[in-house]
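# Structure assessment
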Amino acid sequence: MGISMQILGLLASLTFLVITHELGHFTFAKIFKTRVDQFYVFFNPGLSLIRMKRFNGKMHFSFFSGKAPEEWANHPESTEWGLGWLPLGGYCSINGMVDETTKASDLSSEVHPWEFRAKPAWQRFFIIIGGVLVNFLTAIIIYILMCFTWGNDYIPLENAKYGLEFSQEMQDAGFQNGDKVLLVDTTHPKTLGDFANTVLLDNVKTVTVERDGEEVVINIPKDLPRKVVGAGSSSLFCNYRIPFVIDSVLAGTPAEKAGLRKGDSLVGINDSAMFCFFDFKNVFNENKNNELQIDYMRGDSLCHTMLTLDSVGNMGVAYRQPADFFDVVHVDYSFWQSIPTGISQGFSTLGNYVKQFKIVFTKEGATQLGSFLTIGSIFPKVWDWYRFWSMTALLGIILAFMNIIPIPGLDGGYILFILVEMITGKKPSDKFLSVANTIGFVLLIALMVYALGLDFRRFIFK
């Protein structure tokens, strides 16, 4: 059920974003009186579930068809709308445009005024960039509506009374588990996310922490971000340090068989005292299928039980989250207040992603690329509208940025050629565009295969 929800969330999010992206192209094409031959939700290789086309004053339909009725060809000025059977996005086919599906040889020798290639460069520029603009605006709108609907919950970093837990890379840089962050260079980070983004993305020189009641200044190595990313711990390189308190026990698990209950607080293993949730997890990961003595507090009583972990080192419990231990600040926004807040969040997210992208071009960054498997794993296993829209907004910004990269086959490649045309006054030939798009498409497929291979290796050997 959990994996099914993740797959559903991923497909729904990507379909929504692809359709809004293609609507951006469609809208500007129509503004500049360019014909759009087809607009499809989902792909339709060999079969369309539904085809629709308006002509002679009414809408005509065709169901479960391999091709459109012959009569429809007599009305090329009207767009064919359709629903395919392959739920991997959708497409918008613009008349007279050379792309990965249309070669120069597929176009007629005569250029018609309604074709994409017949339009002046500035109009073609807006038709192409329309998809990117709509993706970014969609993300902004989502952030605005999320602020208005749910407000904002966050834990001020100063409320982390037990300090933070750090990855090995952070400890190697001088941090110690339990440190409380006070300053990043000369600024006070507001949240854990602010601290993480600043340290990884903003060339920080020093971090001041409180350790055992004293202030300690840590000099940050320049290569720390690359080491963190290379270790695959970019999302876990620091976290709140919290006790291990059981929130629920799953039926039929080692924890239930050992008699553990909701509210039990783990305090040690094999008579060795422990406090932090992550300390327990580290021991569990090293003792898969092994029997351990679990020491825990139930009320005011210290108790002990023997427990055999499962094959992946789990005991079968859900544990209490940081919000259960620290004061959470909730901020409500009126509709008008949510607009500047959502806009700011959108631009901040874009800025952070652009900063992260530079790490991709390092050796460490290349090893952390991920395909749709990685993206899907981020979606919650239980449907959560807040998480769904949050992920959709983030993916919308990523899709907008990735599409603007000047690689043939992407929107950015078309934009690059159009800008060169505007500057030089020379338009690339359709044959050149066809070859460039083919090369770009092959490179993109190779990159996707590489990322997919990395994902398979992670999920098989994790």
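## Regarding the layout of surface pockets
Taken as a whole, the second largest pocket encloses approximately 250 Å³ of empty space. Considering the residues around the second largest pocket, the lining is formed by 15 residues, among which Leu 200, Asn 203, Pro 221, Lys 222 and Pro 225 are closest to the centre. Residue assignment for the lining of the second largest pocket shows that the elements contributing at least two residues are helix H4 (192–201), helix H5 (224–230) and helix H8 (335–360). Among the elements that line the lining of the second largest pocket, the one with the most residues is H4, at three residues. Of the residues belonging to the lining of the second largest pocket, the class tally is eight nonpolar, two polar and five charged.

## Looking at a nonpolar patch on the surface
Together, Trp 122, Phe 126, Leu 419, Met 422 and Ile 423 give the surface a local cluster of nonpolar side chains, amounting to about 510 Å² of exposed area. Counting residues per element, the nonpolar patch draws most heavily on helix H12 (residues 411–424), at three residues. Considering the arrangement of structural elements, one finds Ile 423 in helix H12.

## Thoughts on the confidence of the model for the chain
Scored by pLDDT, the chain has a mean of 87; 93% of the residues are at 70 or more. Least confident of the elements in the chain is helix H9 (residues 363–366), whose mean pLDDT is 59; most confident is helix H2 (residues 121–150), at 95.

## Description of the packing of aromatic side chains
Tallying each qualifying case throughout the model produces 33 aromatic pairs. Members of the aromatic cluster, connected to one another through ring pairs, are Phe 244, Phe 277, Phe 278, Phe 280, Phe 284 and Tyr 319. Lying across the ring of Trp 114, Arg 35 places its NZ or CZ 3.7 Å from the centre.

## Regarding the pairing of strand E2 (residues 58–65)
Sheet topology places strand E1 (residues 36–55) next to E2; seven bridges connect them, and they run antiparallel. Along E2, the bridge assignment pairs Arg 51 with Ser 62. Connecting E1 to the antiparallel partner E2 that follows it, the hairpin turn spans two residues, and Asn 56 within it adopts a positive phi of roughly 55°.

## Observations concerning the sheet that holds strand E8 (residues 214–219)
Note: strands within a sheet are paired through backbone hydrogen bonds, in either parallel or antiparallel orientation. Spatial ordering of the open sheet is given by E6-E7-E8, a layout of three strands whose pairing is antiparallel. Looking at the sheet topology across the chains shown, the edges are occupied by strand E6 (180–184) and E8. Direction aside, neighbouring strands of the sheet carry axes that sit 30° apart on average. Bridge analysis of E6 against strand E7 (residues 206–211) gives four bridges, and the strand direction is antiparallel. Bridge pairing in E7 links Val 184 to Val 207.

## Remarks on the environment of Ala 160
Along the chain, the position of Ala 160 falls in the loop between strand E4 (152–154) and strand E5 (164–166). Here the alpha-carbon distance between Ala 160 and Trp 122, two residues 38 residues apart in the chain, equals 53 Å. Once residues within four sequence positions are removed from consideration, Ala 160 is found in contact with Lys 180, Tyr 240 and Phe 326.

## Concerning the environment of Gly 263
Structurally, Gly 263 can be placed in the loop between helix H6 (254–257) and strand E11 (265–269). As for Gly 263 and Tyr 319, which are separated by 56 residues in sequence, their C-alpha atoms are 9.2 Å apart. In this structure Gly 263 touches Val 245, Ile 246, Met 297 and Arg 320, once residues within four positions along its chain are discounted.

## Quick look at the nonpolar core
In terms of nonpolar packing, the biggest core is built from 49 residues, with Leu 164, Phe 175, Phe 195, Val 207, Phe 244, Phe 284 and Met 315 touching the most fellow members. The element contributing the most residues to this core is H4, with six residues. Discounting residues that sit within four places of it in the chain, Phe 195 has contacts with Leu 157, Leu 164, Phe 166, Met 170, Phe 175, Val 181, Val 184, Pro 189, Val 207 and Cys 238. Residues Cys 92, Ile 94, Phe 136 and Tyr 143 belong to the second largest nonpolar core, which totals 29 residues.

## Comments concerning unusual backbone geometry
Located in the positive-phi region is Asp 271, a residue other than glycine, with phi close to 65°. Here Asp 271 lies in the loop between E11 and strand E12 (272–273). With a phi angle near 70°, Asn 289 is a residue other than glycine that sits in the positive phi range. Residue position: Asn 289 is located in the loop between helix H7 (277–285) and strand E13 (291–298).

## Observations regarding empty space enclosed by the protein
Summed over all chains, the structure comprises two cavities of 30 Å³ or more. In this structure, the largest cavity encloses a volume near 140 Å³. Lining the largest cavity are 14 residues, and of these Phe 116, Arg 124, Ile 418, Lys 427 and Leu 433 sit closest to its centre. Of all elements in the fold, only H12 and helix H13 (430–461) reach the threshold of two or more residues within the lining of the largest cavity. The class makeup of the residues in the lining of the largest cavity is eight nonpolar, one polar and five charged. Surrounding the second largest cavity, Met 5, Gly 9, Phe 379, Pro 380, Val 382, Trp 383, Asp 384 and Phe 388 form its lining. Taken together, the residues of the lining of the second largest cavity break down into six nonpolar, one polar and one charged.

## So, the environment of Ile 220
Structurally, Ile 220 can be placed in the loop between E8 and H5. By relative accessible area, which is 11% here, Ile 220 ends up buried. Along the backbone, Ile 220 and Val 329 are 109 residues apart, and their C-alpha atoms lie at a distance of 30 Å. If we ignore the near neighbours within four places in the chain, the residues touching Ile 220 are Phe 175, Val 204, Lys 205, Thr 206 and Val 207.

Reading the values: rules and limits
Residues numbered from 1 in each chain as written. Predicted model: local features only at pLDDT ≥ 70, side-chain atom pairs only at ≥ 80, totals over all residues. Heavy atoms only, no water. 1 Å grid on protein atoms, 1.4 Å probe; cavity = no way out; pocket = protein on both sides within 12 Å on 5 of 7 lines; lining within 4 Å. Points joined across faces, edges and corners; volume = space filled by probe spheres on them. Helix = DSSP H or I, 4+ residues; strand = E, 2+ residues; numbered from the N terminus. Nonpolar A, V, L, I, M, F, W, Y, C, P; charged D, E, K, R; others polar. Patch = residues over 30% accessible without salt bridge, like charges linked within 9 Å, V, L, I, M, F, W, Y side chains within 5 Å. Areas by Shrake-Rupley, 256 points an atom, 1.4 Å probe, with all protein chains shown as cover. Salt bridge = Lys/Arg side-chain N within 4 Å of Asp/Glu carboxyl O. pLDDT = per-residue confidence, 0-100. Phe/Tyr/Trp six-rings, centres within 6.5 Å; stacked < 30°, edge-to-face > 60°. Lys NZ or Arg CZ within 6 Å of the ring centre and 35° of its normal. Pairing = 2+ DSSP bridges. Axes fitted to C-alpha atoms, helices over the stretch in contact; angles between N-to-C directions. Contact = heavy atoms within 4.5 Å. Core = buried A, V, L, I, M, F, W, Y, C linked by side-chain atoms within 4.5 Å. Buried < 20%, exposed > 50% of the residue type's maximum accessible area, 1.4 Å probe, protein only.

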